[in-house]
Amino acid sequence: MAVAAAVALPSTALANSVALEANATQAESIWGGELGVGYNLSKGPFTLRPMVGAFIYQRDNNRYYEQTTSTGQTICRDSTNGQFAASERCDNTAVKAYGKIEATVTLVGIAEVGGGARYSGDKVRPYGTAAFSILPKLKVKANAGAEYYAVGLLASF
């Protein structure tokens, strides 16, 4: 309902602002963090928010591992042959791009509730969202859906 209302609004009547988000996230059973940027298209209590960002997480890497020697030095090793490897090979940090769109309605000026859809990899996952104002331009926000949970901050400028 909120999506239809926001899409049907003439663009000249919209109050626009940039949105930034930072979340602790579990996506497809993997914990990580989301950093995203988007645009708030608002008319009255309704907001349509397209966003893009990066999901940063620790991927599984069964080939390379860190080992601490008897002298206390940490080294990277290749599990296939036991040889030393460059330390970068043991850094399992991975980044996956995502895109999402949210449609929300603001209730009594302090709570924002609605729904969204998140695309990452090859799947679109719907979710519910709620945000509560903690400062005039800053909200604490939570998203929950099938194999997707996030809690963090949403700032608007």
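Before reading on, note that the structure itself is shown above.
Residues numbered from 1 in each chain as written. Predicted model: local features only at pLDDT ≥ 70, side-chain atom pairs only at ≥ 80, totals over all residues. Heavy atoms only, no water.

Enquirer: I would appreciate a short explanation of the overall build of the protein chain in the present structure.
Expert: The secondary structure content of the protein chain amounts to one helix and 11 strands. Listing each helix as α and each strand as β along the protein chain from the N terminus yields α-β-β-β-β-β-β-β-β-β-β-β. Over its C-alpha trace the protein chain gives a radius of gyration of 20 Å, far above what one expects of a compact globule, namely 15 Å for 157 residues. Taking the principal axes of its C-alpha atoms as reference, the protein chain extends roughly 65 × 35 × 25 Å. For the protein chain, the proportion of its 157 residues judged to be buried stands at 34%. (Helix = DSSP H or I, 4+ residues; strand = E, 2+ residues; numbered from the N terminus. Rg over C-alpha atoms; globule rule 2.2 N^0.38 Å. Buried < 20%, exposed > 50% of the residue type's maximum accessible area, 1.4 Å probe, protein only.)

Enquirer: Hey, could you run me through the sheet that holds strand 5 (residues 74-78) in this one?
Expert: Whenever strands of a sheet pair, they do so through backbone hydrogen bonds, lying parallel or antiparallel. Read across the sheet, three strands follow the order 4-5-6 without closing on themselves; strand pairing throughout is antiparallel. Of all the strands in the sheet, just strand 4 (64-68) and strand 6 (84-85) have a single pairing partner and so form its edges. As judged from the five bridges shared by strand 4 and strand 5, these two strands associate in the antiparallel manner. Looking at the pairing, T68 lines up with T74 of strand 5. (Pairing = 2+ DSSP bridges.)

Enquirer: Could you clarify how one ought to interpret unusual backbone geometry in this entry?
Expert: Most peptide bonds are trans, and most residues other than glycine sit at a negative phi. With phi around 50 degrees, E28 is a residue other than glycine that occupies positive phi space. Among the secondary structure elements, E28 is positioned in the loop between strand 1 (15-27) and strand 2 (30-43). Classification of E28 by relative accessible area gives partly exposed; the value is 30%. Phi at S29 takes a positive value of approximately 70 degrees, unusual for a residue other than glycine. Classification of S29 as exposed rests on a relative accessible area of 61%.

Enquirer: How do you make sense of the side chain of K139 when you look at a structure like this?
Expert: Along the chain, K139 turns up in strand 10 (residues 138-145). There is a polar contact of 2.6 Å between the side chain of K139 and the side chain of E112. When residues no more than four places from it in sequence are discounted, the contact partners of K139 are E112, A131, F132, S133, I134, G152, L153 and L154. (Polar contact = N/O pair within 3.5 Å; in protein donor to acceptor, adjacent residues only side chain to side chain. Contact = heavy atoms within 4.5 Å.)

Enquirer: What should I look at first to understand the sheet that holds strand 3 (residues 46-58) in this one?
Expert: Here eight strands make up a closed barrel; going around it, the order is 1-2-3-7-8-9-10-11 and the pairing antiparallel. With strand direction ignored, the average angle separating the axes of adjacent strands in the sheet is 25 degrees. Relative to strand 3, strand 2 runs antiparallel, the two sharing 10 bridges. Bridge pairing in strand 3 links L41 to L48. (Axes fitted to C-alpha atoms, helices over the stretch in contact; angles between N-to-C directions.)

Enquirer: When you look at the environment of V52 in this model, what are you seeing that I'm missing?
Expert: Mapped onto the elements, V52 comes out in strand 3. The spatial distance from the C-alpha of V52 to the C-alpha of S87 is 31 Å, given a sequence separation of 35 residues. Ignoring sequence-local partners within four residues, the contact set of V52 consists of L35, G36, V37, Y98 and G99.

Enquirer: I keep staring at the nonpolar core and nothing clicks. Help me out?
Expert: General note: in soluble globular proteins, nonpolar side chains tend to be found buried as a group. Counting residues in hydrophobic clusters, the biggest one holds eight residues: A27, F55, Y57, A94, Y98, Y127, Y148 and A150. Setting aside residues no more than four positions away along its own chain, A27 makes contact with F55, R118, E147 and Y148. (Core = buried A, V, L, I, M, F, W, Y, C linked by side-chain atoms within 4.5 Å.)

Enquirer: What is the right way to look at the pattern of salt bridges in this model?
Expert: Working definition: two side chains of opposite charge can pair if their charged atoms are close together. Counted under the stated rule, the structure contains 11 salt bridges. The partner of E21 in a salt bridge is K141, and the shortest N-O contact between them spans 3.7 Å. Placement of the pair is E21 in strand 1 and K141 in strand 10, with a sequence separation of 120 residues. Relative accessible area serves as the criterion here: at 4%, E21 is assigned to the buried category. Close ionic contact of R125 with E28 constitutes a salt bridge, the shortest N to O distance being 3.9 Å. Of this pair, R125 sits in strand 9 (residues 123-135) while E28 sits in the loop between strand 1 and strand 2, and the two are 97 residues apart along the sequence. A single network of salt bridges, built from pairs that share partners, joins E21, E34, R49, K100, E102, E112, R118, K139 and K141. (Salt bridge = Lys/Arg side-chain N within 4 Å of Asp/Glu carboxyl O.)

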